[in-house]
Amino acid sequence: MADNDTPLIDELEKGPWPSYIKEIKRAAKKNAAAKDLLGVQELSFQERITHWKHGGIVGVTGYGAGVIGRYVDAPDKFPAVEMFHTMRINQPAGWFYTTDALRKICDIWEKYGSGLTNFHGSTGDIILLGTNTKSLQPCFDELTEAGFDLGGSGSALRTISCCVGPARCEYSCIDTLDICANLTQEFQDEIHRPRWPYKFKIKISGCPNDGVAAIARADFTIIGTWHDTLRIDQDEVRKYVKNGFDIRGLVTEKCPTKALAWDDKELKLNLRTADCVRCMHCINKMPKALRPGVDRGATILIGGKAPIIKGAYLSWVLVPFMKMEPPYDEAKVLLRKIWEWWDENGRSRERIAELIERMGLKTFLRAVDIKPVPQMVFKPRANPYVFFD
Amino acid sequence: MGKSDIGPPSYKKMLPAVIEKNYGKWKYHEILKPGVLKHVSESGDEVWTVRAGSPRLVSIDFIRDICDIADKYCDGKLRFTSRSNVEFMTPKKENVEPIIQAVQKIGLPVGGTGKSISNIIHTQGWAHCHSAATDSSGIVKAIMDELYPYFTSMKLPAKLRVALACCINMCGAVHCSDIAIVGIHTKPPKIDNSKVGAVCEIPTTMASCPTGAIRKNPDPNVKGLVVNEEKCMYCGNCFTVCPAMPLADAEGDGVAIYVGGKVSNARSAPMFSRLAIPYLPNNPPRWPEAVSAIKNIVEVYAKNALPDERMGEWINRVGWENFFKLTGIEFTEYHIDDFTHGVDTYRTTTQFRW
Amino acid sequence: MTEGVTEELKDKILKYLGTVSKAKNRDVARALEIDKAIVDKGIAELAKEDKIEYIYLGTSYIQLKQK
């Protein structure tokens, strides 16, 4: 293809935000598949329709996950992307890298793939975008030699991800990176060999700000919290106020339970601990003065997912407080109980939340040996249709 | 056969020295200016972070470029955020400005912190996905070109999270974003019954439909399927299971805009984004209709919300009736939920605004 | 070899898969009336031995490796 054959996508080389078209063109200088991708993208812009097909059996020996089969629907026009499979590479927890590790991945992908990537896909993996079937196994073998492995796909445990946590955040109530790494190693078989009704996601956020959106998209949501009391450094509070910070307007009036009050005679921030719901707002506003408590653990929630099939769900509280110390056996035992019940009862493509809705939270709680507590609901039922069984 | 089930490398090997030393000991942080963070440890150590936006779909040479910067200023370490931003960390304050300059030199914006619009989370779109109802990287580039000043500044009432999914499968789980852009089909699948028998499993395909709209073809001579088009809401679930029923359509496909979602528990509970604009056309390369609609919503929010109010908190305070009035967006019958839990959204009080 | 997984078990799994076009692990365990945890391990070994493979049709299944 001549350099001036893509007028529509070339438009997206302009403008202040960094251009992915420029990136595809960089890769296209070295790689025929990347060059054909430009043509496919231009055709989609002309016709306002996708030109990719899914399906087929692709993968590496021993695994049923980590590779997504992808084919162009016009291989005669774009032969270099007749096959354009994705490889999902499990990221190190917290997305920290040495440049050595990144350069190794780049070199391997230069050899076996299009040279195009996402850092990262929504689930958390490094996405290597576009290769053919015969390159999959040698590419995988070199990646494992470099210390990397594939992530999840299909009806498997998906690649686990977490926020930056204690590595660089004072809010984190749990060791998100270690939990992520530990569970990932524990459940390699569940990640690589899909066996369940549908996908299952685990995400770990260090505090209720929920930096990795665990509550919205993880079937098993781990969010750091504390069981004792907010720590207040009154000297630092006074400094904020002295510097003109509107503590009433920006903090105490925004407290969802009015648990905080500013006493401007005593120059003291008072807290009714029993009313604090640990929302993080006051800490977010005054990080130098306020900190989470010291009796720390996690709230475990269940069922978050996007709309397919029965609608979107936010995760529901399952265990209000769980201590999170290595080797995290309590969480692992619970996960295995959940999977057993789901795999036994779930229909094809039914996520855990949909199964819980179909069979009832009561049935689920019995199956995983958890006693009901009021923290699980906003309010009890209003209707009289109780099954006494 | 080589190694198997080794899992990813340990994060411990990847941490910058100052991070490793102060792991779990951070005391507080400050945002010094857009895109620049300073974290202070109980040990007294400090680390500065420069956050840069990326186009997400990048070449390996882009990765090598950012590695060069990290080698020069960050002892060969860097990290990415969950929104595809790149973070350069250094214990040396004097490295901050050179990092910013190096990042800007390769064309990346510094920002995305605090009360800004950070990078848009998005899916693969026409660059890679079989079920895309719109593009992803292209429309995101068009939107971010327009919203760019909000990435590099912190002048909004609160942070504003934008996400895009190129079909309602929402593999990017965008449904709890301040602004969610969702690719939608608006026409039922076109069944190719000559292929259904060969490439699809009929019971699985029928079961895939959330509204039970797919039945066996009543004609005994046809081994195929029919769709009750009145019951179809174009979700594409059947197409994922059965490639012989594509529903992509150049005229019908477009994007919908949902607003007011959040995942943070700060102040208010997490909430779903809700429908603001049912349909806007796919108009590449710059999607002007979608871009101007989003810009309007951002500007109306910026003008009307109180400090620290997220989009959804602002709308809940002023009421959806005012959201539609202030933005000039038309409220239609499409906005009324008629799916499974729809009745829970109908108003059961005489309290509302005119 | 993984604990609890015998050649006999793996033969049974392969024999069962020979009677169906595709299956979930759960189906195999039910048909063989063997604890699913053990069947999962047997299937993992057969995958590593390249005797079975995974397919995705809206959800994931296993089948005998197609020659």
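Scope of this entry: the structure provided in the associated data block. Note that this is a predicted model, so its numbers are computed, not measured.

## Re the state of the cysteines
Joining two cysteines, a disulfide is a covalent bond between their sulfur atoms.
Residues and elements named next belong to chain A.
Step number 1: Under the counting rule described, the total for this entry stands at one disulfide over all chains.
Step number 2: Just so you know, cysteine 163 is unpaired, no disulfide at all, and the nearest cysteine sulfur is the one on cysteine 162, 6.1 Å from it.
Step number 3: Judged by its relative accessible area of 14%, cysteine 163 falls in the buried class.
Step number 4: Looking at the unpaired cysteine 255, the closest cysteine sulfur is the one in cysteine 279, lying at 6.4 Å.

## Brief notes about helix α2 (residues 25-32) of chain C
Three or four residues apart is the spacing at which side chains of an α-helix point the same way, because the helix has 3.6 residues per turn.
Step number 1: Among the residues of α2 of chain C, those classed as buried are Asn25, Arg26, Val28, Ala29 and Leu32 of chain C. Down the axis of α2 of chain C, the buried set is contained in an arc of 160 degrees. They therefore lie on one face.
Step number 2: On its buried face, α2 of chain C sits against α12 (329-345) of chain A together with α1 (7-17), α3 (36-48) and β2 (60-64) of chain C.
Step number 3: Residue glutamate 33 of chain C follows α2 of chain C closely and has a positive phi angle near 55 degrees.

## A look at unusual backbone geometry
Step number 1: A cis amide bond links phenylalanine 119 of chain A to the next residue, histidine 120 of chain A, at an omega of 15 degrees.
Step number 2: Relative to the assigned elements, histidine 120 of chain A resides in the loop between β6 (116-119) and β7 (126-131).
Step number 3: Residue proline 285 of chain B is reached from proline 284 of chain B by a cis peptide bond, and omega for that bond is 5 degrees.
Step number 4: Turning to its location among the elements, proline 285 of chain B is positioned in the loop between β13 (274-281) and α8 (288-304).
Step number 5: Phi angles above zero are rare outside glycine, and arginine 267 of chain B is one such case at about 60 degrees.
Step number 6: Looking at the secondary structure, you find arginine 267 of chain B in the loop between β12 (254-259) and β13.
Step number 7: Exposure remark for arginine 267 of chain B: the relative accessible area of 17% places this residue in the buried category.
Step number 8: At glutamate 33 of chain C, a residue that is not glycine, the phi angle is positive and equals roughly 55 degrees.
Step number 9: Note on placement: glutamate 33 of chain C falls in the loop between α2 and α3.
Step number 10: Exposure remark for glutamate 33 of chain C: the relative accessible area of 74% places this residue in the exposed category.

About the thresholds
Residues numbered from 1 in each chain as written. Chains lettered and ligands numbered in written order. Predicted model: local features only at pLDDT ≥ 70, side-chain atom pairs only at ≥ 80, totals over all residues. Heavy atoms only, no water. Disulfide = S-S within 2.5 Å. Buried < 20%, exposed > 50% of the residue type's maximum accessible area, 1.4 Å probe, protein only. Helix = DSSP H or I, 4+ residues; strand = E, 2+ residues; numbered from the N terminus. Arc of directions from axis to C-beta. Contact = heavy atoms within 4.5 Å.

Read these as spatial facts, not as claims about activity.
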